[in-house]
Amino acid sequence: MAAQAPRILLVDAEEVVPGVTKVNLRGRLDATGVQSVDAIFGRLADTQKYLVVDLSRVTFIASTGLRTLISGARSIAARGGRMAFLQPDPPVES
């Protein structure tokens, strides 16, 4: 039996250049993962004008994860900012 990937989603953020924050996500952006990062991601989306979300280490996105990302993008856009996604794996991108 193959070992399963951890079901925990990890998040950290860093300012890559003044005014641009990069959010690094690792794991599964499913219902469990969203619960662990929703407040942090929401706070960043409400306070940052430019957000880059690194999806290169996200292995799965469920509809709840998409809702979190879309909600954040709308919050940023409402304040004249932008959110971009960085290097999603092909299955995650589709």
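This section reports on the structure supplied with the text. Because the structure is a prediction, the values reported are computed rather than measured.

About the cut-offs
Residues numbered from 1 in each chain as written. Predicted model: local features only at pLDDT ≥ 70, side-chain atom pairs only at ≥ 80, totals over all residues. Heavy atoms only, no water. Helix = DSSP H or I, 4+ residues; strand = E, 2+ residues; numbered from the N terminus. Buried < 20%, exposed > 50% of the residue type's maximum accessible area, 1.4 Å probe, protein only. Contact = heavy atoms within 4.5 Å. Expected span 1.5 Å × (residues − 1). Arc of directions from axis to C-beta.

**A closer look at unusual backbone geometry**
Move 1: With a phi close to 50 degrees, Gln-87 is a non-glycine residue in the positive phi region.
Move 2: Of note, Gln-87 is situated in the loop between strand 4 (82-86) and helix 3 (90-93).
Move 3: Residue Gln-87 is classed as exposed on the basis of its relative accessible area of 53%.

**What about the environment of Leu-29?**
Move 1: Within the secondary structure layout, Leu-29 lies in strand 2 (residues 20-29).
Move 2: By relative accessible area, Leu-29 is classed as buried at 2%.
Move 3: Counting along the chain gives 35 residues from Leu-29 to Thr-64, while the straight-line C-alpha distance between them is 7.7 Å.
Move 4: Those residues in contact with Leu-29 that lie beyond four places of it in its chain are Leu-9, Val-34, Val-37, Val-58, Phe-60, Ile-61, Ala-62, Gly-65 and Leu-69.

**Quick notes on helix 2 (residues 63-78)**
Move 1: Given a rise of 1.5 Å per residue, 16 residues ought to cover 22 Å, and the 22 Å separating the end C-alpha atoms of helix 2 matches this to within 8%.
Move 2: Those residues of helix 2 lying buried are Thr-64, Gly-65, Thr-68, Leu-69, Gly-72, Ser-75 and Ile-76. The buried residues of helix 2 occupy an angular sector of 145 degrees when the element is viewed end-on, so they sit on one face. Away from its buried face by more than 90 degrees, helix 2 exposes Ser-63, Arg-67, Arg-74 and Ala-78.
Move 3: Each element contacted by the buried residues of helix 2 is listed here: strand 2, helix 1 (31-47), strand 3 (50-61) and strand 4.
Move 4: The first or second residue beyond helix 2 is Gly-80, which carries a positive phi of 80 degrees.

**Digging into the environment of Ile-61**
Move 1: By the secondary structure assignment, Ile-61 is in strand 3.
Move 2: Linking Ile-61 and Gly-33, residues 28 residues apart in sequence, is a C-alpha distance of 9.3 Å.
Move 3: Setting aside residues no more than four positions away along its own chain, Ile-61 makes contact with Leu-29, Leu-55, Leu-66, Leu-69 and Val-92.

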